[in-house]
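Coordinate analysis (summary)
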Amino acid sequence: MSYYARFIFFTWLTTAILMATVGFVQFRDQKDRELARLTAKADLLAESFRLAAASALAMGRTEDLHPLALRLVADPEVAGVSVTDADGRTVLSYQVGASGPAEQTLVRSEALEVEDRSAGTVTLAFTSAPLGSDLARDARRLVASWLLVGSTIILVAMVASRHAREAMEQVIRGIRQVNQEDFSARLSMKGTAEFSDLARQFNLMVERLRMIQVRNRSYLAQIEDKNRQLEREIEIRETAEAALLQTQKMEAIGRLAGGIAHDFNNLLTTILGCADLVKSTLDPEAEELEDVEAIIAAASRARDLTSQLLLTARKGTLRSEPVGLNDVVLGVEKLLRRTLGSSIEVVIGLHPNDPHVLGDRAALEQVVMNLSINARDAMPDGGRLDLRVGTVRLDARACDGHPDRVPGRYATVTVQDTGTGMPEDIRQKVFEPFFTTKKPGHGTGLGLAMAYATLQQSHGFIDLQSEVGVGTTITLYLPRVEEGESDAPVVQPLDDLRGTETVLVAEDDPPVRQVAVRFLRRLGYQVIEAKSSEHAIALGRQIRAPIHLVFSDVVMPGLHGPELVQRLRGIRGDFKVLYTSGFSPDRLADFGIEGEDPLLPKPYGLRDLAMALRKVLEAGAPPAP
């Protein structure tokens, strides 16, 4: 072999080794990037699926995991999904083929915890085989191209050594261009067919390298697009999970409130009723009158707290009547000063015209109390609390960007403290149910949620301003009542609400039934007392005297109130009906109560019952002469 042939051979060999090394490094870097991307994706999906699995296991709804797992294994890079419970038993398992080491399978296991207790393990398997096989194929083509070019160069060098120098120089220039990622290099050798073939093979190799570069860039673009898509999906999933958790919280409140409302309201009916009866027998100057009124006030506040708990759970409604905001603030001032302690200076600022709004006075007083107690907790070393009543007119510009605000005239109550203030991340969450920054056992996280729900149902809104180290200002906005709408309702004397009609009382709770019977007799009515639905039907058959009204509990053992009324109508003919119940309003439709049915919610007092009875009995009656 001539000098030039040997030189070309060793040049080709060195270049081939160099290019193989570069190709290997490029291949390895590409695999590392792919593995890093797959690792990040695996971590994100495993954490997201862990949250869903923990929520499902906590609620005993493992079937909710199957659609999530099916969506995961639809991804070609997900090789399998499995969930085991705390005892190691498999709750769910989906496997997509066998994943061997050559496919670079990644496995992510996440422990499930519910209320700080182990609930099981989530395992996800991933594979990067699809993209890895493409890269490996390109690498094999690159090596094959170089071997073909090298063989051609050796052959040409042995046959036509006199053209070797020129060919070598062109090849070196082309290789330099390729090393600089310039794939426009082309050879155009003249001479023997061997040199022409060398040029064609070189040009073909460069073209393949260019196509590989284009394909790799396309792969990278696809990977980046998939990463962005994955980020969007994770964001959507996190939003959905947050909404699901919020719904579960509200449902938990609803179950709690609805479950205790019935029994608690029956107890309050007995307490309020007995206190009302005792009060009606006392002389206005009696010393015991103050104690009885304190019992009535405490029971009324307990009734209002139950109503607000139902309201927060979206299962209750508030009364809507004219309320003076000066009266609201003055109504809590005495209790507020006693509750906050001497280290808090309380400053009251009333409005000279006492602006009126339509709302529930007890609920608004509770809102002011909750906000004031939160302000006290933000001033552990003492400070100043300002309560101010004011008015403001909001125009369209002030409401722009706030869908809950409508231009108009508003009355305001401002609660301002000089406490620690709140950072932005806390301000975004303060109105969520159960959210609290207090230590365990020192807060329920329902105070501000109740305030928000109360203002919403009263067609108002809350504005919160806070700065760390300066303090917090919370302003309640409620639509003002127009002139002439704030007149207080006329309170009829109790003697004007008396009656002589016959009333059948159907109530299965003995203390509540006794209170209702004593109320009716005190008001002058003739009373037929039934301790159950069956007893009421039997009395309806036995008694020949007319029955003007049936006063029935909605939910009773055996037949519920509407079913009892239907049976009695078949026996007695037509009569008026007044229902009563301690259940939340959203539950009553399940027992046959419709919106137009007269209903007296528990707990009720003597005047509440007297007014409800006269309203039902006089409905449709001819006017008095």
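Residues numbered from 1 in each chain as written. Predicted model: local features only at pLDDT ≥ 70, side-chain atom pairs only at ≥ 80, totals over all residues. Heavy atoms only, no water.

Structural notes on the pattern of salt bridges
For the record, the criterion: Any Lys or Arg side-chain nitrogen located within 4 Å of an Asp or Glu carboxyl oxygen qualifies as a salt bridge. Each helix is a run of DSSP H or I of at least 4 residues and each strand a run of E of at least 2, with the numbering of both proceeding from the N terminus. When accessible area is computed with a 1.4 Å probe and restricted to protein chains, residues below 20% of their type maximum are described as buried, those above 50% as exposed, and intermediate ones as partly exposed.
Applying the stated rule across the entire model yields 13 salt bridges. A salt bridge links R361 to E365; the nearest nitrogen and oxygen atoms lie 2.9 Å apart. Linking R361 with E365, this pair stays in helix 8 (residues 361-377), spanning four residues, or about one helical turn. Here E507 makes a salt bridge to K602, at a shortest N to O gap of 3.0 Å. Of the two residues, E507 is situated in the loop between strand 12 (502-506) and helix 12 (510-522) and K602 in the loop between strand 16 (599-601) and helix 16 (606-618); the sequence distance between them amounts to 95 residues. Across the pair, K602 and E507 agree in class, each one buried.

Concerning the sheet that holds strand 10 (residues 461-467)
Rules: Strands were regarded as paired on the criterion that DSSP finds at least two bridges between them. Axis angles are defined between N-to-C directions and span 0 to 180 degrees, where every axis is a line fitted to C-alpha atoms and, for a helix, only to the segment in contact. Contacts between residues were defined by any pair of non-hydrogen atoms, one from each residue, lying within 4.5 Å.
Strand order in the open sheet formed by five strands is 6-8-9-11-10, with mixed pairing between adjacent strands. Unpaired on one side and paired on the other, strand 6 (344-349) and strand 10 mark the two borders of the sheet. Each strand axis lies, on average, 20° off the axis of its neighbour in the sheet, ignoring direction. Bridge count for strand 9 (residues 408-417) against strand 11 (residues 471-479) is seven bridges, and the pairing is antiparallel. Following the sheet pairing, Q416 is matched in strand 11 by T473. Strands in contact with helix 7 (residues 325-340) are strand 6, strand 8 (383-394), strand 9 and strand 11; relative to strand 8, the strand with the most contacts, it is inclined by about 170°.

What to know about the pairing of strand 7 (residues 356-359)
The two faces of strand 7 differ: V357 and G359 on one face are buried, but H356 and L358 on the other face are not. Examined bridge by bridge, strand 5 (residues 321-324) and strand 7 share four bridges and lie antiparallel to one another. Opposite V323, over in strand 7, you have V357 as the bridge partner.

Focus on helix 8
Note the following rule: Expected helix span is given by 1.5 Å per residue-to-residue step, counting one fewer step than there are residues.
Counted at 1.5 Å a residue, the expected span for helix 8 with its 17 residues is 24 Å, and the 25 Å between its end C-alpha atoms agrees. In terms of burial, helix 8 is a largely internal element, twelve of the 17 residues being buried. Within the span of helix 8, buried status applies to A362, A363, L364, E365, Q366, V367, V368, M369, N370, L371, S372 and A375.

Digging into the packing of helix 12 against helix 16
For the record, the criterion: In this scheme, roughly parallel covers angles under 35 degrees and roughly antiparallel covers those over 145, while 65 to 115 is roughly perpendicular and the rest are oblique. If you view the pair so one helix is near and one far, a crossing is left-handed when the near helix is turned anticlockwise from the far one by less than a right angle, and right-handed when it is turned clockwise.
Two elements in contact, helix 12 and helix 16, have axes separated by 10 Å at closest approach and are oriented at 65°. Judged on the interaxial angle alone, helix 16 and helix 12 are roughly perpendicular. Considering only the axes of helix 12 and helix 16, their crossing is right-handed. On helix 16, the residues that touch A516, F519 and L520 of helix 12 are L606, L609 and L613.

Observations regarding a negative patch on the surface
We count it as follows: Each patch is assembled from residues with relative accessible area greater than 30% and no salt bridge, linking like charges that lie within 9 Å and nonpolar side chains (Val, Leu, Ile, Met, Phe, Trp, Tyr) that lie within 5 Å. With residues, only the protein chains shown are counted as cover, and all accessible areas are computed by Shrake-Rupley using a 1.4 Å probe. When charges are counted, Lys and Arg are positive and Asp and Glu negative, with His and the chain ends excluded. Charged groups are reduced to one reference atom each: NZ for lysine, CZ for arginine, CG for aspartic acid, CD for glutamic acid.
Taken together, the side chains of E287, E288, E290 and D291 define an acidic patch exposed on the protein surface. When you line up the elements, E290 lands in helix 6 (residues 288-312).

A word on the environment of V122
By the element assignment, V122 lies in strand 4 (residues 117-126). In sequence terms V122 and V91 are 31 residues apart; their C-alpha atoms lie 9.8 Å from each other. Contact partners of V122, with chain neighbours within four places excluded, come to F49, R50, A53, S82, V83, R108, S109, E110 and L112.

Some thoughts on the nonpolar core
Heads up, the condition is: As used here, the term nonpolar core means buried Ala, Val, Leu, Ile, Met, Phe, Trp, Tyr and Cys residues forming a set that is joined through side-chain atoms within 4.5 Å.
In terms of nonpolar packing, the biggest core is built from 34 residues, with L325, L364, L371, L385, I474 and L476 touching the most fellow members. Residue assignment for this core shows that the elements contributing at least two residues are helix 7, strand 6, helix 8, strand 8, strand 9, helix 11 (447-457), strand 10 and strand 11. Those residues in contact with L476 that sit more than four places away from it in its chain are V367, L371, A411, T412, V413, L455, F461 and I462. The next biggest cluster of nonpolar side chains, apart from the first, holds 25 residues, and it includes L497, F519, L606 and V616.

Distances and angles like these do not, on their own, reveal function.
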